[in-house]
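# Geometric and topological summary
What follows is the residue order along each chain.
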Amino acid sequence: MDKEKFRGTTILMVRRGNNVAVAGDGQVTMGDMVMKHRAKKVRRIYHGKIIVGFAGASADALHLFDRLETKLESHQGNLTRAVVELAKDWRTDKILRRLEALLLAVDGQNSFLISGTGDVIEPDEGVMAIGSGGPYALAAARALMAHTDLPPADICREAMNIAGSLCVYTNSEIVIEEL
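Heads up: these notes are all about the structure in this document. Positions within a chain are numbered from 1, following the residues in the order the chain's sequence is written. Owing to the predicted nature of the model, reporting of local features is limited to residues with pLDDT of at least 70; listing and counting of side-chain atom pairs is limited to 80 or more, with chain, interface and lining totals taken over all residues. Calculation of side-chain values draws on the structure's entire complement of heavy atoms; hydrogens and water are dropped beforehand.

What the chain contains, in helices and strands, is four helices and 12 strands. Computation of the radius of gyration draws on C-alpha atoms alone. For the globule rule, the value is 2.2 Å times the number of residues to the power 0.38. Here the chain has a C-alpha radius of gyration of 15 Å; the compact-globule value for 179 residues is 16 Å, and the two agree. Structurally, the chain occupies a C-alpha span of about 45 × 40 × 25 Å along its principal axes. Should any heavy atoms of two residues lie within 4.5 Å, those residues are considered in contact. Of the contacts made within the chain by residues no fewer than 6 positions apart, 61% connect residues no fewer than 24 positions apart. Put simply, the chain shows about 9,000 Å² of open surface, and 50% of that area lies on carbon and sulfur atoms. On the chain, the mean spot of the 22 positive side-chain charges and the mean spot of the 23 negative ones are 4 Å from each other. A run of H or I in DSSP becomes a helix once it reaches four residues, and a run of E becomes a strand once it reaches two; helices and strands are each numbered from the N terminus. Surface exposure here means Shrake-Rupley accessible area, sampled with a 1.4 Å probe, where a residue is shielded only by the protein chains that are shown. Positive charge is attributed to Lys and Arg, negative charge to Asp and Glu, and no charge count is given to His or to the chain ends. Each charge is placed at NZ for Lys, CZ for Arg, CG for Asp and CD for Glu.

Spelled out as structure tokens, the structure:
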């Protein structure tokens, strides 16, 4: 039943120069009811060197975070190799294929969107977003990147506030992680 589906979030990544920030809102909804205001959808993994964020089912995303960290361990922290291997597993494994989430993963040099259909996407610009509020946050972040000198964390905060004012599945309880 669609009303029972957990949905909605906004995860935004902004990279400028040697700095990168990933932001996520805290709202969890079920149908038309807010279930939680301060969920943490952005976190650090692999000795604090990688930041990941998710949109979709929380349990699925947490399982994927664990799988990504295992891949990072086996590839000595090489994010590019780890996300490609995760995407291959996610697409081909019968159980993983059923997981409903999108992930953003960043390190000091690389940024990726990973999906269960085998997508591993690097942004052309230093901005990427996922989730129901993603298009709003992405548009705001692109405008701020083009017309200000704000650092990535400040761009994330402003863009997320704009997304939260437009998307009913996004709130202003924002968590930002930076490298």
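Next comes the rest of the write-up.
Turning our eyes to something else, we now look at the sheet that holds strand S6 (residues 42–45). One requirement defines pairing of two strands: DSSP has to find at least two bridges between them. If you trace the five strands from one edge of the open sheet to the other, you get S6-S7-S8-S9-S10, paired in antiparallel fashion. The open sheet terminates on both sides in strands that have one partner only, identified here as S6 and strand S10 (120–121). Examined bridge by bridge, strand S7 (residues 50–56) and strand S8 (residues 101–106) share six bridges and lie antiparallel to one another. The residue of S8 that forms the bridge with Ile51 is Val106. Here an axis means a line fitted to C-alpha atoms, over the contact stretch when the element is a helix, while the angle between two N-to-C directions is reported on a 0 to 180 degree scale. Relative to the sheet, helix H2 (residues 79–92) contacts S7, S8, strand S9 (111–115) and S10, its axis offset from that of S9 by approximately 10 degrees.

Taken together, the side chains of Tyr136, Ile162 and Leu166 present a nonpolar region at the surface, about 270 Å² in accessible area. Its place among the elements puts Tyr136 in helix H3 (residues 134–147). Exposure above 30% relative accessible area and no salt bridge define the residues that can form patches, which grow by joining like charges within 9 Å and nonpolar side chains of Val, Leu, Ile, Met, Phe, Trp and Tyr within 5 Å. By salt bridge we mean one thing: a side-chain nitrogen of Lys or Arg within 4 Å of a carboxyl oxygen of Asp or Glu.

Take unusual backbone geometry next. The phi torsion at Tyr46 lies on the positive side, around 45 degrees, for a residue other than glycine. For Tyr46, the position within the fold is in the loop between S6 and S7. Phi angles above zero are rare outside glycine, and His47 is one such case at about 60 degrees. Summary of the burial criterion: residues with accessible area below 20% of their type's maximum are buried, those above 50% are exposed, and those between are partly exposed, where the area comes from a 1.4 Å probe applied to protein chains only. Relative accessible area serves as the criterion here: at 59%, His47 is assigned to the exposed category.

On to the pairing of strand S2 (residues 11–16). Looking along a regular strand, one sees side chains alternate from face to face of the sheet. Burial analysis of S2 places five of its six residues in the buried class, which makes it a mostly covered element. Relative to strand S3 (residues 19–24), S2 runs antiparallel, the two sharing six bridges. Residue pairing across strands places Arg15 opposite Val20, the latter belonging to S3. In this structure, S2 lies alongside strand S11 (residues 127–130), joined through four bridges in antiparallel fashion. In the sheet register, Met13 faces S11, and the bridge partner there is Met128.

On to the pairing of S8, then. When you tally the buried positions in S8, you get five out of six residues, the bulk of the element. Pairing analysis gives five bridges linking S8 to S9, with the strands arranged antiparallel. Following the sheet pairing, Ala105 is matched in S9 by Phe112. Connecting S8 to the next strand, S9, in antiparallel fashion are four residues.

Examined against the element boundaries, Arg81 turns out to sit in helix H2. For Arg81, a relative accessible area of 44% gives the class partly exposed. Between the C-alpha atoms of Arg81 and Gly26, which are 55 residues apart in sequence, the distance is 30 Å.

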